[in-house]
Amino acid sequence: MRIDLAGRTALVTGSTQGIGAAIAAGLARSGARVGVNGRDEQRVGEAVARLATEVPGGSFVPVAADVASEEGARQALEALPQVDILVNNLGIFGSADPLDISDDEWRRYFEVNVLAAVRLIRQYLPGMTERGRGRILNIASDSAIVIPAEMIHYGMSKTALLAVGRGFAKEAAGTGVTVNSVIAGPTHTGGVEDFVYELVDRDLPWDEAQREFMREHRPQSLLQRLIEPEEIAHMVVYLSSDQASATTGGALRVDGGYVDSILP
Ligand SMILES: NC(=O)c1ccc[n+]([C@@H]2O[C@H](COP(=O)([O-])OP(=O)(O)OC[C@H]3O[C@@H](n4cnc5c(N)ncnc54)[C@H](OP(=O)(O)O)[C@@H]3O)[C@@H](O)[C@H]2O)c1
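The shown structure was predicted, so the numbers you read here are calculated from the model rather than taken from an experiment.

K.L.:
Honestly, helix α2 (residues 41-54) in this entry has me stumped. Any pointers?
P.N.:
Residues separated by three or four positions in an α-helix point in the same direction, a consequence of the helix having 3.6 residues per turn. Taking 1.5 Å as the rise per residue, α2 with 14 residues should run 20 Å; its terminal C-alpha atoms sit 20 Å apart, in good agreement. Within the sequence span of α2, burial applies to Val-44, Ala-47, Val-48 and Leu-51. Buried residues of α2 fall within an arc of 100° about the axis and therefore sit on the same side. Exposed residues lying more than 90 degrees from the buried face of α2 are Gln-42 and Thr-53. Tucked inside the fold, the buried residues of α2 contact α1 (18-29), β2 (33-38) and β3 (59-64).

In structure tokens:
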């Protein structure tokens, strides 16, 4: 299968690092012009420079904006007035005692992980339906389904994001625009190595360390290793392609079998 996204413009929120950066690289490799987003102009500039080295000939547009705010969504629109592929990747996470999470923190998780995506969908969906084609992807998490007791606020936001995806897919029914969620599982992003080495023998080489970590602390994973950001990106690139035209309203898993269910 050859995926050709030439002539398409994508916006990947939260793409200065981690899964977002891998998605930006993957879309650019398939020919899309990609908006790289983060809150800080300098960090966005550095990410664009890194991505340009990683994907020679790739086309990247810096989009420095806090897209969790109305103002930030407007700034994104100024930088990229027309978007064919919107990837709502931005997401914050952290653990907290469920009884200690404040109202403000609940609201912050909803604002950043859910409302930011809704706002951008509202902003870009009408243009997509007018043109009769478009792709919207929301990056959810295994925590949307397997709610961790120490991350209820995060789980709630990701479950809500699945609902948002399903609902907007109905809104876009019959237009040529598809809306899907990607359920990412435990992924090898920045900071994760330190976290792993806090829990397993520091002398183990990375490959063995992560396998031990998964066996001991994430035994539900059938993959028994962390997922690489590129593996999430492959699914996003596929769902962004013309070939994925019959997949909409879905939640597709790249979770290494972490969620113990046959249905997605
Ligand atoms: N990592 C995992 O194991 C895992 C598992 C399942 C699902 N996920 C989901 O995958 C997505 C990406 O996770 P990740 O681990 O790759 O994230 P990450 O490494 O923490 O990166 C977050 C990105 O978001 C940007 N960002 C943060 N707040 C922003 C805002 N208000 N406006 C614009 N950009 C903002 C950051 O850029 P600046 O700091 O430069 O602004 C950064 O580029 C999230 O939705 C997460 O919930 C992750």
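K.L.:
How do you make sense of the packing of helix α6 (residues 192-199) against helix α7 (residues 206-217) when you look at a structure like this?
P.N.:
How two helices pack is summed up by the angle between their axes together with the distance between the axes. Viewed as axis vectors pointing N to C, α6 and α7 meet at an angle of 65°, and their least axial separation amounts to 10 Å. It follows from the interaxial angle that α6 and α7 lie roughly perpendicular. As α6 packs across α7, the resulting crossing turns out to be left-handed. Facing α6, whose interface residues are Glu-193, Phe-195, Val-196, Tyr-197 and Leu-199, α7 presents Trp-206, Ala-209, Gln-210, Phe-213 and His-217.

K.L.:
Just checking my understanding: could you explain the layout of surface pockets for this structure?
P.N.:
It is a probe the size of a water molecule, rolled over the atoms, that shows where empty space is left. Approximately 1500 Å³ is the volume attributed to the largest pocket. Together, 49 residues line the largest pocket, and Gly-91, Ile-92, Phe-93, Tyr-154 and Thr-189 are the ones closest to its centre. Looking at the lining of the largest pocket, the elements with two or more residues in it are α1, β2, α4 (103-131), β5 (134-141), α5 (152-171) and α6. Residues belonging to the lining of the largest pocket are distributed by class as follows: 21 nonpolar, 19 polar and 9 charged.

Reading the values: the criteria
Residues numbered from 1 in each chain as written. Predicted model: local features only at pLDDT ≥ 70, side-chain atom pairs only at ≥ 80, totals over all residues. Heavy atoms only, no water. Helix = DSSP H or I, 4+ residues; strand = E, 2+ residues; numbered from the N terminus. Expected span 1.5 Å × (residues − 1). Buried < 20%, exposed > 50% of the residue type's maximum accessible area, 1.4 Å probe, protein only. Arc of directions from axis to C-beta. Contact = heavy atoms within 4.5 Å. Axes fitted to C-alpha atoms, helices over the stretch in contact; angles between N-to-C directions. Parallel < 35°, antiparallel > 145°, perpendicular 65-115°, else oblique. Left-handed = near helix turned anticlockwise from the far one by under 90°. 1 Å grid on protein atoms, 1.4 Å probe; cavity = no way out; pocket = protein on both sides within 12 Å on 5 of 7 lines; lining within 4 Å. Points joined across faces, edges and corners; volume = space filled by probe spheres on them. Nonpolar A, V, L, I, M, F, W, Y, C, P; charged D, E, K, R; others polar.

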